[in-house]
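So you can see what is in the structure, the chains are spelled out below.
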Amino acid sequence: MLDSDCNRGLAQVQIEGRQKQYGLNKLNEQKGMTLWGMFFNQFKEFLILLLIAAAVISLAIRETTDAFVILAVVLLNAVLGVVQEYKAERSLAALKTLSSPAAKVIREGALFELPARELVPGDLILVEAGDFVPADGRLIETASLTADESALTGESVPVEKEAAPLSDEMLPLAEQINSIHMGTIITGGRGRALITATGMNTAIGQIAGMIQEAPLEKTPLQQKLDHFGSRLGILAVLLCALIFALGILRGHELLPMFLTAVSLAVAAIPEGLPAIITIVLALGVQRMAGHQAIIRKLPAVETLGAATVICTDKTGTLTRNEMTVRQLDYGEGAITVSGEGYGSSGSFSRGGLAIDPQQDQQLQLLLSIGLLNNNARLVEEEGRIRVIGDPTEGALLAVGAKAGLVREQLTAALPRILEQPFDSERKLMSTVHCGEPGPEQPLFGDSCCWLLTKGASDIILERCRYRLSASGVEPLTAAHKAALRSRNREMAGSALRVLGFAYRPLPDNDMPPLEQTETELIFAGFMGMNDPPRPGAGEAVKSCREAGIAVKMITGDHAETALAAAAALGLASKKEEVITGTELERLSDEELAGRVARIRVFARVTPGHKVRIVNALKANGEIAAMTGDGVNDAPALKRADIGTAMGRSGTAVAKEAAEMILADDNFTTIVHAVEEGRAIYENIKKAVFFLLSCNTGEIVTILAAILLGWPLPLLPVQILWINLITDTLPALSLGVDPGEEELMHRPPRSPGRSFFSPRSVRTLAVFGLLIGLITLTAFSIGAGESVEKGRTMAFATLALCQLIHVFNFRSLHRSVVGRRFFGNRLLLGAVLISAALQLAVLLIPAAAAIFHAVPLDREGWLYVALLALSPLVFGEIWKLLDRRFFAGTTG
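Summarised in this report is the structure supplied together with it. From a predicted model like this one, the values you see are computed outputs, not experimental measurements. Here the residue numbering is sequential within each chain, running from 1 through the sequence in written order. In keeping with the model being predicted, local features are shown solely for residues with a pLDDT of at least 70 and side-chain atom pairs are shown and tallied solely at 80 or more, while totals for entire chains, interfaces and linings include all residues. As a convention, hydrogens and water are excluded, and side-chain values are obtained from all of the structure's heavy atoms.

1. Considerations on the overall build of the chain
- Helices and strands together make up the secondary structure of the chain, namely 33 helices and 28 strands.
- A 1.4 Å probe rolled over the protein chains alone gives each residue an accessible area, and that area as a share of the maximum for its type sets the label: buried under 20%, exposed over 50%, partly exposed in between. By residue count, 55% of the 891 residues in the chain fall in the buried class.
- Considering only intrachain contacts with a sequence separation of at least 6, the fraction spanning at least 24 residues in the chain is 71%.
- In this description, accessible areas are obtained by the Shrake-Rupley approach with a 1.4 Å probe, and a residue is regarded as covered only by the protein chains that are shown. If you sum the accessible surface of the chain, you get close to 37,300 Å²; carbon and sulfur atoms cover 58% of it. We count a stretch as a helix when DSSP gives it H or I for four or more residues in a row; a strand needs E for two or more, and each element gets its number in order from the N terminus. Residues count as neighbours in contact if any of their non-hydrogen atoms are within 4.5 Å of one another.

Quick look at the structure:
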C-alpha cells in the first residue's frame, strides 16, 4: 500500500511527490488570539455593556465623576482578564514540541539523519533506545524493541514490539504492538519501520484535532451572571420609568425627578460587581498557588468548586508512575520491602520482623541478579530520580540500592560478556558474567562464569531444576514447584507484576549458545512490583467522597490492574464497577450516559473514549473535572468543565490543554482547590447579595417616599456617592472572606440551581426593606426640623448602615457572632476607610456643600449612630427566624 522498499526505502522522485501530497510532518498550528483581540473580547458580557451604557447616561446628565469611576472599573476588569488569559490556547504549540527534531531514515539505500518534519509516508526509518518516534509507523524488523507509550495510552509499563502481522485491524492503540507512534519513546532494543502516517494524520495529530474541535463553554458562574445581568438591565429601565412617572404624577419637578430616576437606575446596576468577581477570582488564584495549584483561567476557580465528578488518570496521577518492588520470595516466606519510587531508602521485613540484607546471602543473591541482569540507569534531575530505560529494571536497581548493594562493585567483579535480550516468545532475558571467584563475587560456587536469567515467573519455574536454600543448592521437587506456583498466584492476585530470577554456572570453555543454556537453572526467587499510589491519594479520594464528589479512574491499564489500584485507594471493590474500552465501544452514547454514574473504573481506554466519558457525564448534568498528565488526556482535559494537569510529570500538551495545573503532582491538592473554589463562589454570592440588598434599600427609600407624598429623601449626587463607597472596598473585602468551616461537608451545588434561590431571595428582600425603613426613619426624624436636615440624616444613615450591614453577609444564613470578628481584617479596614470618607463629606464644609449636607447636632448624630448599628441586631433576629422556619428550603 505504501509503495516502498523494505531495504532501500523511497526513491527521490517518490519523496518529492509525497511531500507535495502530504505536506510537512508537523502539527497544524491554531491561530491564537492577539492581545487586542483578548482585550476587546472582555467587553462582550451583557453586564459590561450595561455598565458602559450607565457611564454614557452619567455623562449625559453631567455626573462625570461617577461616569469615570464606572469606566475605570470596566477597564480594570478587562486588563485583569487579559493578563490571566494571555498564555491560554497554546495546546497545539505544546504538541509540536513532542515531535522528534531529527530522524534516521534510509532513502535509496543510504542512511540519512534528517529533520523529522521532512518525513513522508513510506519512508524507512531506524529507531533505537532513547529515540523519540518521529511519526507513526509499521514495524518491519525488531530486536528486543520496547516503547514507552504511557503519554499516549496511560500504560505504565513499556510495550514489547514485534513485526509480525496482527489479525485484528480494529485494535486499540495500546494493543497495536507492531506499530510505533509519534511522540512516544523507544526504551530498549532497535527496529526498522515504514512510516504510515505523518503530521495531523498521526495518533498525536488526531488528538491535536480533537483539542481544536473542543468547543469553549462558559462556566456556570458566567452563565448565571449573564442571566442576572440581562434581568438587572431590564429591571433598571423599568424602575427608572416607574419612579419618573410616579414622581411627575405626585407633582415633583421634571428635571430633578429625571436625574433622581436615572441615578437610581445607575445605582441599581452594581458597577463594581464585574471587577469584584475578577479580583476575587484573581486573589483566589494567588491563594491556590500557595497550595501548589496554578490556575490558567480565572473562572476555572469557581468551576472546580462546583465539580460533581472528578475523572482522574491512574498512572502518574493517583500513582507515582515509578515501578516499585513490594515483595520478594525465594521460598522461605514473603519478604516485604518498604519505601516507594526510585529512591534508595527502605527496609526489608518478614512477618513483621526486620531483616538485614547484608546478613541474608539468599536475599543478596536474588538482588544481585536483578542488578547485573539489567540495562536501565537511574539519574537524578532537579532533585528527582528518574529511570533511563525500562521502569521495571529501574525498580530492580532501586531495591538493590535499598539493600546497600552497589551495582558498580558487582559489575567490576562480574563483568558482562554476553546478552540474550528479552523477547515475547521466550519471555526471558539472560546475561553471562565472568570473573575470578573471590570475596567480591556474590554468587555461590567455584565457577568463573555464570548465566543470570530473569523473566516471566511461570517460565522461569519451568526451566528450573534446582533451588537455592539456606544449606546450598538442592533439587527443586514437585512439591517445591507447587508451593512456588501458589506463592506466584498470591503475589499476582495482589496486583503485583511478578518476575522470576534464576542462575546457573557455565563452563569456562566451549560455552554453548545462550538459548541452549536457559535450562536446568537454579531458582533464586520472585520479585513482585507495582506502581504505588501517591502519598495522600487515598485520603484525598475519601475527602472528595465526603464533599459529595464522585471520583472515577480512567486508565489505559488492564482491568485487573486498574481494579486492584482502585481498591487500594477506596475507589472501587467490585468487577461490576469496571468497564473496558472494548466494552465501552459497544455502547451507544445514550447507553453510556445511562451507565456512567455506576461505573467507577474505566480500563484500556483511548483518548476518544475519554472524551466520550466526559460527554456522557455532562449529558447527565454533571460538572466534570478531568485530571491527567499524558498526551492522551489532552482532548478530555479540553472538553471537561475544568481540566487539571500534573505540573511535574505532566506533558506540555496536558498543561496547555488544562485550566489548572497541580505544581506538586499531588492529588490532594485538588481537595484544597475544590474547597477554595467553593469558598470563592460563596464569597461572590455574598458580595452580590450585599450590593443588591443595599441597592434595594435605596430604591425602597425613594419609591416609598414618592408613594407617601414626601419630599425626595436623597438627592442624585448623594445616591451616586453612597453607591460609590459601598460598591468598592467593602464589597471587595467581603469577597475574600475565609471559607465557612462546614464548606467541605456540603454536597456540591446543583449545576442547574439558580444563583438566586428562594431562601436567598427572601433574605435579600428582607434586608433591602430593612435598609429602606431605617433610611426613611432617619429622614422623618430630621425632616421635623427641615427637609435639608432630613436629607443629611438620611444620607449619613444610609451610607453608614450599609457599611455596618456588610458584616451580616459574612454568612448568608448563620449568625456572624460565631465567626471570628478579626477573621477578615481587610473587611475591617475597608469599612473604616469608607466610613472615614463618608464622615469627611459630612464634616468638611466644602465637601458638605457639594453633597448638600447641613451640620448635625449631638442628638442628630446619636440617631444616626443608633440607626446605622441597627442592621446587625435585626440581621441576627432574621437569621434566627430563617434557620428555624426556612432551613429546610434550598439556600
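Don't stop here, the text continues.
2. Here's the deal with the pairing of strand β3 (residues 124-128)
- Direction of pairing for strand β1 (residues 102-107) relative to β3: antiparallel, over a ladder of three bridges. Bridge pairing in β3 places K104 opposite L126.
- As paired strands, β3 and strand β7 (residues 185-197) are joined by five bridges and run antiparallel to one another. Each bridged residue has a counterpart across the sheet, and for L124 the counterpart in β7 is L194. Being paired, for any two strands, means DSSP has found at least two bridges between them.

3. Overview of the state of the cysteines
- Throughout, disulfides are identified as pairs of cysteine sulfur atoms within 2.5 Å of each other. A full pass over the atoms with the stated rule returns one disulfide.
- Covalently, C434 is tied to C449 through a disulfide, its sulfur atoms 2.0 Å apart. Between C434 and C449 the sulfur-sulfur dihedral comes to about 115°; the bridge is accordingly right-handed. Of this pair, C434 sits in strand β17 (residues 428-434) while C449 sits in strand β18 (residues 449-456), placing them 15 residues apart in sequence. Comparing C434 with C449, the two get one shared label, buried.
- The thiol of C448 is unpaired, and the distance to the nearest cysteine sulfur, on C449, comes to 6.4 Å.
- The thiol sulfur of C801 is not disulfide-bonded, and the nearest other cysteine sulfur, from C694, lies at 7.4 Å.
- Assessed through its relative accessible area of 0%, C801 is described here as buried.

4. A look at the environment of R639
- Structurally, R639 can be placed in helix α24 (residues 634-639).
- Taking the C-alpha atoms as reference points, R639 and A658, 19 residues apart in sequence, are found 9.5 Å from one another.
- In terms of polar contacts, R639 uses its side chain to reach the side chain of N615, at 2.7 Å. Here a polar contact is taken to be a pair of N or O atoms separated by no more than 3.5 Å, where protein atoms must pair a possible hydrogen donor with a possible acceptor and residues adjacent in sequence count only if both atoms sit in side chains.

5. With respect to the nonpolar core
- Core analysis: the biggest nonpolar cluster contains 108 residues, and L318, M553, M660, F667, F690 and F795 have the highest contact counts within it.
- The element contributing the most residues to this core is helix α26 (residues 668-708), with 15 residues.
- Residues V325, V337, L396 and M529 belong to the second largest nonpolar core, which totals 37 residues. Buried Ala, Val, Leu, Ile, Met, Phe, Trp, Tyr and Cys residues that are joined via side-chain atoms within 4.5 Å together make up what is termed a nonpolar core.

6. A few points about the sheet that holds strand β9 (residues 309-313)
- A sheet is described by the order of its strands in space; here eight strands give the open sequence β8-β28-β27-β26-β9-β23-β25-β24, paired in mixed fashion. Of all strands in the sheet, those bounded by a partner on one side alone are β8 (293-295) and β24 (578-580). Each neighbouring strand pair of the sheet contributes to a mean axis angle of 20°, computed without reference to strand direction.
- Looking at chain direction, β9 and strand β23 (residues 550-554) are connected through five bridges and run parallel. Bridge pairing in β23 places V309 opposite A550.
- Its contacts with the sheet put α26 on β8, β9, β26 (624-628) and β28 (660-662), and the angle it makes with β28 is roughly 140°. To obtain each axis, a line is fitted to C-alpha atoms, and for helices this fit is confined to the stretch in contact; angles are then taken between N-to-C directions over 0 to 180 degrees.

7. A look at the packing of helix α13 (residues 361-372) against helix α14 (residues 391-402)
- Packing of α13 against α14 brings their axes to within 8 Å, and their N-to-C directions diverge by 135°. In terms of orientation, α13 and α14 fall into the oblique class. Crossing hand, α13 versus α14: left-handed. Side by side, α13 and α14 meet where L367, G370 and L371 of the first sit next to L396, L397, V399 and G400 of the second.
- Polar here means any residue other than Ala, Val, Leu, Ile, Met, Phe, Trp, Tyr, Cys and Pro, which are nonpolar, and Asp, Glu, Lys and Arg, which are charged; Gly is therefore polar. Looking at the contact of α13 with α14 residue by residue, the class counts come to five nonpolar, two polar and no charged. Angular relationships are summarised with four words: roughly parallel below 35 degrees, roughly antiparallel beyond 145, roughly perpendicular across 65 to 115, and oblique for the angles in between. Crossing handedness follows the turn of the near helix against the far one: under a right angle anticlockwise gives a left-handed crossing, and clockwise gives a right-handed one.

8. Notes on the packing of aromatic side chains
- Pairing of aromatic side chains here covers Phe, Tyr and the six-membered ring of Trp, requires ring centres within 6.5 Å, and sorts the geometry by plane angle: under 30 degrees stacked, over 60 edge-to-face, intermediate tilted. A full pass over the atoms with the stated rule returns 10 aromatic pairs.
- A centroid spacing of 5.9 Å and a plane angle of 25° characterise the contact between W36 and F40, whose relative ring orientation is stacked. Within this pair, W36 and its partner F40 are both found in helix α2 (residues 35-41), separated by four residues, close to a single helical turn.
- Measuring from centroid to centroid gives 6.0 Å for F795 and F851, while their planes differ by 20°, and the two rings are stacked. Of this pair, F795 sits in helix α30 (residues 787-805) while F851 sits in the loop between α32 (845-850) and α33 (858-886), and the two are 56 residues apart along the sequence. There is no split in this pair, since F795 and F851 are both buried.
- Three or more aromatic residues link up through ring pairs in this structure, and these residues are W36, F39 and F40.

9. Observations regarding the pattern of salt bridges
- The term salt bridge refers to a side-chain nitrogen of Lys or Arg lying within 4 Å of a carboxyl oxygen of Asp or Glu. Following the criterion strictly, the structure yields 27 salt bridges and no others.
- In this structure, the salt-bridge partner of E474 is R467, at a minimum N-O distance of 2.7 Å.
- For R467, a relative accessible area of 13% gives the class buried.
- Residues joined by salt bridges that share partners form a network here, namely R320, E322, R326 and E340.

10. Observations concerning helix α31 (residues 825-843)
- Between its terminal C-alpha atoms α31 stretches 27 Å, which fits the 27 Å expected from 19 residues at 1.5 Å a residue.
- Along α31, the residues that are buried comprise L827, L828, A830, V831, S834, A835, Q838, V841 and L842. All buried residues of α31 fall inside an arc of 165° around its axis, so they share one side. Among the exposed residues of α31, those oriented more than 90 degrees off its buried face are R825, L826, L832 and L843.
- Where α31 begins, the side chain of N824 points an oxygen toward the backbone nitrogen of L826, at a separation of 3.3 Å. Given a helix with a known number of residues, its expected span is that number minus one, times 1.5 Å. In this description, the arc belongs to the directions extending from the helix axis to the C-beta atoms.

11. Considering a nonpolar patch on the surface
- Here, patches come from residues exposed beyond 30% relative accessible area and free of salt bridges, joined within 9 Å for like charges and within 5 Å for nonpolar side chains (Val, Leu, Ile, Met, Phe, Trp, Tyr). On the surface, a nonpolar cluster with roughly 500 Å² of combined accessible area is contributed by V873, F874, I877, L881 and F885.
- Take L881: it is sitting in helix α33.

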